[in-house]
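# Structural description and commentary
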Amino acid sequence: MCGTDKKLGEIRALILVGGYGTRLRPLTLSRPKPLVEFANKPILLHQIEALVEAGVTQVILAVSYRAEDMEKELTEQVSKLGVSLTFSHETEPLGTAGPLALAKDLLSASPEPFFVLNSDVICDFPFKELARYHRSHGKEGTIVVTKVEEPSKYGVVIYKEDGQIENFVEKPQEFISNKINAGMYILNPSVLKRIELRPMSIEKEVFPFMAKDGELYAMDLQGFWMDVGQPKDFLTGMCLYLNSLRQKNSPLLFEGTCVVGNVIVDPSAKLGKGCRIGPNVTIGPDVVVEDGACIKRCTILRGATIRQHAWLEGCIVGWRSVVGRWVRMENCTVLGEDVIVKDELYVNGGQVLPHKSIALSVPEPQIIM
Amino acid sequence: MLKAVILIGGPQKGTRFRPLSLDIPKPLFPVAGLPLIQHHIEACVQLEECKEILIIGSYTVNLMQQFVSDMMKEYHVTIRYLQEFTPLGTAGGLYHFRDQIRAGDPAAFFLLNGDVCADFPLKELWKFHEEKGPNAVVTIMGTEATRQQSVHYGCMALSTDAAVTHYVEKPSTYVATLINCGAYVCAPTCFHIMAELFQKKQKNYYTTYVATLINCGAYVCAPTCFHIMAELFQKKQKSYYTGNGVHTPEYMSWEQDVLAPLAGTNKLFAMQVTNWWSQLKTAGSAIYANRHYLQLYRRRAPARLSLGPHLLPDVYIHPTATVDESAVIGPNVSIGAGVQVQAGVRIKESIILNNATIHEHALVMYSVVGQDATVGPWARVEGTPSDPDPDKPFAKMDNTPLFNADGRLNPSITILGAGVSVPAETILLNSIVLPHKQLTRSFKHEIIL
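Residues numbered from 1 in each chain as written. Chains lettered and ligands numbered in written order. Predicted model: local features only at pLDDT ≥ 70, side-chain atom pairs only at ≥ 80, totals over all residues. Heavy atoms only, no water.

Under the Sequence similarities (unreviewed entry) heading, UniProt states for chain B: "Belongs to the transferase hexapeptide repeat family." (UniProt positions renumbered as here; feature names shortened; annotations may be inferred.)

The name that an unreviewed UniProt entry assigns to chain A is mannose-1-phosphate guanylyltransferase, with the source organism given as Plutella xylostella. Turning to chain A, the UniProt record has this under Sequence similarities (unreviewed entry): "Belongs to the transferase hexapeptide repeat family." What UniProt states about chain A under its Pathway (unreviewed entry) heading is, verbatim, "Nucleotide-sugar biosynthesis; GDP-alpha-D-mannose biosynthesis; GDP-alpha-D-mannose from alpha-D-mannose 1-phosphate (GTP route): step 1/1."

### Looking at the overall build of chain A
Of the regular secondary structure elements, chain A holds 8 helices and 31 strands. The C-alpha atoms of chain A give a radius of gyration of 21 Å, which matches the 21 Å a tight globule of 369 residues would have. Counting every position in chain A, which comprises 369 residues, the buried fraction comes to 57%. Within chain A, counting contacts between residues at least 6 apart in sequence, those at least 24 apart form 50% of the total. Taken as a whole, chain A presents about 15,500 Å² of accessible surface, with 50% of it coming from carbon and sulfur. (Helix = DSSP H or I, 4+ residues; strand = E, 2+ residues; numbered from the N terminus. Rg over C-alpha atoms; globule rule 2.2 N^0.38 Å. Buried < 20%, exposed > 50% of the residue type's maximum accessible area, 1.4 Å probe, protein only. Contact = heavy atoms within 4.5 Å. Areas by Shrake-Rupley, 256 points an atom, 1.4 Å probe, with all protein chains shown as cover.)

### Structural notes on empty space enclosed by the protein
The rolling of a water-molecule-sized probe over the atoms marks out the regions of remaining empty space. Applying the stated rule across the entire model yields 4 cavities of 30 Å³ or more. Its boundaries defined by the atoms lining it, the largest cavity holds a volume of some 50 Å³. Taken together, His309(A), Trp311(A), Trp326(A), Val327(A), Arg328(A), His361(B), Leu363(B), Trp378(B), Ala379(B) and Arg380(B) make up the lining of the largest cavity. Of the residues contributing to the lining of the largest cavity, the split by class is 6 nonpolar, 2 polar and 2 charged. Space inside the second largest cavity adds up to approximately 40 Å³. Along the walls of the second largest cavity sit Leu20(B), Asp23(B), Ile24(B), Leu353(B), Gly370(B), Gln371(B), Leu416(B), Gly417(B) and Ala418(B), which together make up its complete lining. Taken together, the residues of the lining of the second largest cavity sort by class into 5 nonpolar, 3 polar and 1 charged. (1 Å grid on protein atoms, 1.4 Å probe; cavity = no way out; pocket = protein on both sides within 12 Å on 5 of 7 lines; lining within 4 Å. Points joined across faces, edges and corners; volume = space filled by probe spheres on them. Nonpolar A, V, L, I, M, F, W, Y, C, P; charged D, E, K, R; others polar.)

### Thoughts on the pattern of salt bridges
Under the definition given, this model contains 36 salt bridges over all chains. Residue Arg23(A) pairs with Asp227(A) through a salt bridge whose shortest N-O separation is 3.6 Å. With a gap of 204 residues between them, Arg23(A) in the loop between strand E1 (11-18) and strand E2 (37-38) and Asp227(A) in strand E13 (residues 225-227) connect regions that are remote in the sequence. On the basis of relative accessible area, Asp227(A) is assigned to the partly exposed category, the value being 26%. As a salt-bridge pair, Glu349(B) and Arg291(B) come within 2.9 Å of each other at their nearest N and O atoms. Residue Glu349(B) is found in strand E19 (residues 346-352), and its partner Arg291(B) is found in helix H11 (residues 284-300); the two are separated by 58 residues along the sequence. (Salt bridge = Lys/Arg side-chain N within 4 Å of Asp/Glu carboxyl O.)

### A word on helix H5 (residues 127-137) of chain A
All names here are of chain A. Within H5, burial applies to Phe127, Leu130, Ala131, His134 and His137. Burial along H5 is one-sided: seen end-on, the buried residues are contained in an arc of 140 degrees. When the buried face of H5 is taken as reference, the exposed residues oriented beyond 90 degrees from it are Arg132 and Ser136. Packed against the buried residues of H5 are helix H1 (43-53), strand E6 (114-118), strand E8 (141-147), strand E11 (179-187) and strand E12 (216-220). Immediately downstream of H5, the backbone of glycine 138 shows phi near 70 degrees, a positive value. (Arc of directions from axis to C-beta.)

Dropping the structure here:
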């Protein structure tokens, strides 16, 4: 472990980084999911920056896989933010509650409440407001809830007007609520008494009991929210994120002759002549977009090349991949690291594993090993 | 003196070539930049002795007239179009116009099917025929096919001196791998054989068929009589296409009524060639034929091939077409008159017909783009090649039906009919779009009416 020089009274946060990130394969075959860049920044950094903004000084990462990569890269980036990073290693996956028990010593070192969050969530993080609201009702825990269009796919949260949660209903068939658990909580250290050191689900084995005891409150999330744990949602989340940047008039958004709508482009990327980029595109560092390419609703990761006249919609192009001339890629195609798509091919919903060279079209969604 | 006859059929034929034949009569469909039968005409004019070319078909004269006069101007040879007014079969038309063919007393005439594409070795064929002496009535250009595919063609067995000892058209079981290419040298004596056949048929027609129709001319009919008539109509129509039914006595099939009986009489010969040859039945075979005719230009007419840093051989570009120099064209592409190809376009293995526009960054491959059609920016128009199996020697085009046994469209080249527009950024994959359709989205494996 590193960064153990914590001070009493500081605000802590635990991020559930967890497992292999299989849902975001083939990207996560090359990099642990929290390090995959979302809008040109590792997913985890979006969260850590928001926590720092809210006054958090110690972040505990509950990890079970590829911790070394993460330690190396994150420690360096995070040190600039003035926050200490602690890695809590699970030897076996402990679910969503077990990691809290594992980090019990760190979390109970002060009586101050701590934040807990799932690492796949992207939104306008409301940590300051969450801490304020939590203190105002004085109970053990507060969870952030967000509105969804199709609640029947999720577990919904039923709560009173004042925010006190009554119960949770898994995948309701009849409409009872459109609010779901957004994967962000603030909890008092006393909650740790409810958790054992074993694989345990916070949603199923902890929260329902807290609700029963009247100790759990809900806070409505304002603005967008997305679980970006799989490619389709990763792209949807990117659109929502870029849109929120637009609403904030963020200087991150790129303006230029070949750009349409909300686009971010790393300053080291090169854009050719006669391109059309956007809406909803992220271009990473050292990316080369050659003349006449058209890119819509895509994330192009570091060092990739999009060659002349290619047309891409709804794709994630992995690090250092090359998309050939006149290639058409669409329908949630994900290229892993260092993939080469030869000229003039059509790739429809292909999931291509790293270091692969594609010489034949993929007309129907398919995994290319 | 020699003559040539090109049989082009009529609009009722060549339905498998739709929708391309909806706008242009199939014989005039441009392959490698030239109307299909212009390649036949070019092969004929190679022989100085060939003084007249007769084109026989049932297309109306006004569809053919312009072409005929253009050809006369270009090749300085007499060309005439002779229209059949009733379908008379492959030999019926020939017999009907026998006086025109015999006029001027040619030593022989070439007979060419309009829907075959080949590197026609007419000089050799003529020499071969002459060497067989005055007894030779017809010499067939023959080529090797695979055992499996041979049954789709006229099959023949030869003696050691190249006399055809047996001839059968489209047998149901394997007969021989030597097939009829639809190109012949015929002595004028072939008309004697046809005359005999005609008289026999006429006799037969009046004694058996017409006799059954004589009655008093007053009837009571149940509406069900139409069912019977419909059945008869269908039977007739079918037999018309198979050539096996009751026809007017003038109806004659060249293959079944003339060639088959001539086999084994020492009057029918075949010259086996290894030159490139293919039928042009389906639209898919147009791309294949295009490639081979372009290849032939290398030897025969290199000036017709366009060269340039962005052109991958072989490419034909009509002088009136404009192609941006950033567009990459070829191999195997023919671009017609007045076509506009904009910046950053990629075209390969395709035929682009007159006045079509291909907008910036679009890609067209294994497709035929109809007259006046437009392909929007960043659109992708893609078909599936249907070339003969390159791993099998002597394999020919498989003229696969449009639909497979499951009722799904067989992957084939993509065809845009005349005036079709493909919107920006869409994909059109293995589809056929009928003329003048304005598409609004992507399509895959569909026929768009």
